[in-house]
Every structure is written in C-alpha cells, then in structure tokens.
Amino acid sequence: MTKILTIVSGKGGVGKTTTTINLAMALNSYGKSVAIVDANLTTPNIGIYLGVHSVPVSIHDVLQNKNKLLDAMYQHPSGVKVIPGDIGFSSLDEINLEALDDALLDLEGVMDYVLIDGAAGLGEEAAKAISVCDGVIVVTNPEMPAVTDALKAVNLVGELRKPVTGVVINRFKRDGLDMEVNEIEKILEFPVVGAVEEDSKIRESMVKRNAVFEIHPKTEASRNYKRLAARLLDVEYNDRNEKVADLMEIFKKLFKDIKDYGKK
Ligand SMILES: Nc1ncnc2c1ncn2[C@@H]1O[C@H](COP(=O)(O)OP(=O)(O)O)[C@@H](O)[C@H]1O
Ligand SMILES: [Mg+2]
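Here is what the cut-offs are and how they apply
- Residues numbered from 1 in each chain as written.
- Chains lettered and ligands numbered in written order.
- Predicted model: local features only at pLDDT ≥ 70, side-chain atom pairs only at ≥ 80, totals over all residues.
- Heavy atoms only, no water.
- Core = buried A, V, L, I, M, F, W, Y, C linked by side-chain atoms within 4.5 Å.
- Buried < 20%, exposed > 50% of the residue type's maximum accessible area, 1.4 Å probe, protein only.
- Helix = DSSP H or I, 4+ residues; strand = E, 2+ residues; numbered from the N terminus.
- Contact = heavy atoms within 4.5 Å.
- Pairing = 2+ DSSP bridges.
- Axes fitted to C-alpha atoms, helices over the stretch in contact; angles between N-to-C directions.
- Left-handed = near helix turned anticlockwise from the far one by under 90°.
- Nonpolar A, V, L, I, M, F, W, Y, C, P; charged D, E, K, R; others polar.
- Salt bridge = Lys/Arg side-chain N within 4 Å of Asp/Glu carboxyl O.
- Polar contact = N/O pair within 3.5 Å; in protein donor to acceptor, adjacent residues only side chain to side chain.

1. As for the nonpolar core
Thinking step 1. One finds Leu50, Leu104, Leu107 and Ile116 to be the most contacted residues of the largest nonpolar core, which totals 82 residues.
Thinking step 2. Of the residues forming this core, the biggest block, seven residues, is contributed by helix H6 (residues 144-159).
Thinking step 3. Those residues in contact with Leu107 that sit more than four places away from it in its chain are Thr2, Ala35, Val37, Leu69, Leu70, Met73, Ile83 and Val114.

So, in structure tokens, the structure goes:
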C-alpha cells in the first residue's frame, strides 16, 4: 500500500524541502520506492534543488488537466522519482487544486511512499497538501518563533482530521541556545521523530543541485535522515553497524588501490 506523507512547517525556510528530498532518499536507501511531489505550487523549488528544471511536463500541467501525473514524473539518479513544479508559474488561479486528489491515484500501488513538499504558511495550498495525505511530518527549527508556527500547522492538521506522524527538528546547533526536545514535544503534543543538525554540506549540496544524502552520505546530517527513515519504517538503525560498514568500504577501496598499483 502506498503511504502519502506531507511535509509542512507553518514558518517558511525551516527546511521542508530539504527534509522532503533527503528523507525520500533515505527511505529509498532502505529499498523503498519513493516519489516526491512539489505541492509548493506558488513557489516550487524541488526541481531547482535536484537539478530537474525546465521539464516538459510539471505538476502544474497535471493540475490544469493537461497531463497525467505519471507524465510529470522524472527519475533522479538516486532512484527517487520526482514530480516537480514549473518555476515560471505565476498564479494559483490558473490551476485546479482539487485535481490533486485524483492525480495522486496514479501513484497508488506504484510507489511505497509519496512525499509531498508542502507550501509555507497555512493557506489553501498547504491545506490541500495535508488533506490528501495519510500522515503529516511537521518540520521546525528549535526556536520559539518556528515552534509557535509549527503549533498552528499542527492545529490545522487536526482541523483537517489527519494524523501527525511526527515532528522533525531541523538545524539544531548544540550551542546551548536550542530549545530542548521535550520542551518542543510539550508544546506540539507530538513526538519528535527526527533531528537534523546544522550542516554546511546541506547548503553546499543545494548549490550542487543535489541532496546531501546523495553526495555526502557519511556526514552526520545524512545519518540523521537515515535514522529518521529507520524510525518511520520501524527498523533498527545501528550507528555502530553503519560505521563498521563505512570502515569496510574504506578498507576494500584501499586494498583495490594497492592491487591496482601493484599491476602498474
Ligand atoms: N540542517 C541544515 N543545515 C544547514 N542548512 C540547512 C539545513 N536545512 C536547510 N538548510 C538550508 O536552509 C534553507 C531553507 O531550507 P528549505 O529546505 O528550502 O526550507 P523550506 O522548504 O522550509 O522553505 C536552504 O538554503 C537550505 O539549504
Ligand atoms: Mg520549500
């Protein structure tokens, strides 16, 4: 069965798109088929983040009833499928938000997971993205303004009678100024299921038009995404096993280099 998760925040710029992309790749690394849908229709940027821009068919065409959703689906080298928006699109008046429900039926039974990158704020775009999902992931920064807005998002999810799968804290810094996990859980009344630290490699990846999980899989932020995916899949994530596997890889490469050198 296909599980649709919508990523929302309340406050803009806290890391919804970053979470959507990297969580998709982390789920994919566990063998799950995953599609990302850009439902940030006014300001879509999944395509920009993943280098899938200037596509012939986008989600906007689908919501104008010009194409089927599968026509707007592109394959990222990671294996994750991407349904981007048209960055040149200007007005919501030109599309039919309601068409999203039927469009998503194309992915039913085709994908294990569909991750929907929601719009900032709590307007009709965000509400639509929430209304079509099976669970919501609320992203926040560990700061009071972001958590206050996340609470508004949680309330909207409740009004739409959808379940909150969990909260993801993004950009924690360990500088003594972050809000505590239990403080955030107390305010939002939902469990924190993942936490991703501030990592400059995330911005570097964005500049390189790819996900940190893809180009820096060993960085701590990528491990944070893998932990989050493991939690959602209810499988064990073992930090030591991951590190032992990394060491094995390093040794394998070293032996291969030595062997190749010997042949010269
Ligand atoms: N954990 C992080 N560490 C460093 N930079 C981050 C992190 N998460 C997101 N960013 C950066 O913050 C900016 C906003 O992130 P984005 O995912 O676009 O937020 P949103 O989709 O909520 O608007 C981007 O420049 C992104 O690269
Ligand atoms: Mg975004």
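The structure having been displayed, the exposition proceeds.
2. Some thoughts on the pairing of strand S5 (residues 113-117)
Thinking step 1. The element S5 is largely enclosed, with a buried count of five among its five residues.
Thinking step 2. Because side chains alternate across S5, one face comprises the buried residues Tyr113, Leu115 and Asp117, and the other comprises Val114 and Ile116, equally buried.
Thinking step 3. Pairing analysis gives five bridges linking strand S1 (residues 3-8) to S5, with the strands arranged parallel. Paired with Ile7 across the two strands is Asp117, which belongs to S5.
Thinking step 4. Across five bridges, strand S2 (residues 34-38) lies against S5 in parallel orientation. In the sheet register, Val34 faces S5, and the bridge partner there is Tyr113.

3. A look at the packing of H6 against helix H7 (residues 181-188)
Thinking step 1. Viewed as axis vectors pointing N to C, H6 and H7 meet at an angle of 35°, and their least axial separation amounts to 9 Å. The element H6 and its partner H7 pack so that their crossing is right-handed. Note on element contacts: H7 touches H6 through Ile184, Ile187 and Leu188, opposite Met144, Val147, Ala150, Leu151 and Val154.
Thinking step 2. For the contact of H6 with H7, the per-class residue count stands at eight nonpolar, no polar and no charged.

4. Notes on the sheet that holds S5
Thinking step 1. Within the open sheet, the eight strands sit side by side as S3-S4-S2-S5-S1-S6-S7-S8. Their pairing is mixed. Two strands bound the open sheet, and with one partner strand each, they are strand S3 (74-75) and strand S8 (192-197).
Thinking step 2. Note that S2 and strand S4 (residues 81-83) share three bridges and pair parallel. Paired with Ile36 across the bridge in S4 is Val82.
Thinking step 3. Contacts between helix H10 (residues 220-233) and the sheet are confined to S1, S5, strand S6 (135-140), strand S7 (164-172) and S8, with S8 contributing the most and set at about 170° to the helix.

5. A few points about the pattern of salt bridges
Thinking step 1. Applying the stated criterion to the full structure yields nine salt bridges.
Thinking step 2. Among the ionic pairs, Glu98 bridges to Lys128, the shortest N-O distance being 3.0 Å. Here Lys128 lies in helix H5 (residues 124-131) and Glu98 lies in the loop between S4 and helix H4 (99-104), a separation of 30 residues in the sequence.
Thinking step 3. Given a relative accessible area of 53%, Glu98 falls into the exposed group.

6. Observations concerning the environment of Ser9
Thinking step 1. For Ser9, the position within the fold is in the loop between S1 and helix H1 (16-29).
Thinking step 2. Along the chain, Ser9 and Thr42 lie 33 residues apart, while their C-alpha atoms are 16 Å from each other.
Thinking step 3. Those residues within four positions of Ser9 in sequence are excluded, and the remaining contacts are Val14, Lys16, Val139, Asp149, Ala150 and Ala153.
Thinking step 4. Among the polar contacts listed, one links the side chain of Ser9 to the backbone oxygen of Lys11, at a separation of 2.5 Å.

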